[in-house]
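Coordinate inspection notes
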Amino acid sequence: QVQLVESGGGLVQAGGSLRLSCAASGRTFSGYTMGWFRQAPGKEREFVSAIRWSEYYADFAKGRFTISRDNAKNTVYLQMNSLKPEDTAVYSCAASLGPPIAITTQRGYNYWGQGTQVTVSS
């Protein structure tokens, strides 16, 4: 069982920045593929970014968001810059214990955090 706890969400003005963190339990964190997804009101959950040996980004995240991980702290981060009102959503992290397959889709992950709200005001 892997537990994921997100933090770092909040209210920010357009153009601002936030850094989300996701702390994971487990002794083999370095072997997990970690992902970030988001879900805006009335919309389906969508892929944002993922990391294992490489980094992957949704098109809307490229150039603005940066994913990173600290295996010593069992934590993955999502640095979000130049935030826009359309980035408003609940952001959730996810962990995949298997090979990095389908990591841009929800089915590629075994465990999910509760999510953290990000609100960007115009």
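So, here is what we can say about the structure in this document.

Parameters and conventions
- Residues numbered from 1 in each chain as written.
- Predicted model: local features only at pLDDT ≥ 70, side-chain atom pairs only at ≥ 80, totals over all residues.
- Heavy atoms only, no water.
- Salt bridge = Lys/Arg side-chain N within 4 Å of Asp/Glu carboxyl O.
- Helix = DSSP H or I, 4+ residues; strand = E, 2+ residues; numbered from the N terminus.
- Core = buried A, V, L, I, M, F, W, Y, C linked by side-chain atoms within 4.5 Å.
- Buried < 20%, exposed > 50% of the residue type's maximum accessible area, 1.4 Å probe, protein only.
- Contact = heavy atoms within 4.5 Å.

The final tally for this structure, using the stated rule, is 4 salt bridges. Note that arginine 64 and aspartate 87 form a salt bridge whose closest N and O atoms lie 2.7 Å from each other. Highlighted residues: arginine 64 in the loop between strand E6 (55-57) and strand E7 (65-70) and aspartate 87 in the loop between strand E8 (75-80) and strand E9 (89-96), separated in sequence by 23 residues.

Ranked by size, the top nonpolar core spans 27 residues in total, and within it Leu4, Met34, Trp36, Phe65, Leu78, Met80 and Tyr91 carry the most contacts. Counting only elements with at least two residues in this core, the list comes to strand E3 (18-24), strand E4 (33-39), strand E5 (46-51), E7, E8, E9 and strand E11 (116-121). If we skip the residues at most four places from it in the chain, leucine 4 touches Cys22, Ala23, Ala24, Met34, Cys93, Ala94, Ala95, Tyr111, Trp112, Gly113 and Gln114. Core analysis: the next-biggest nonpolar cluster, separate from the first, contains 7 residues, Phe37, Ala58, Ile103 and Tyr109 among them.

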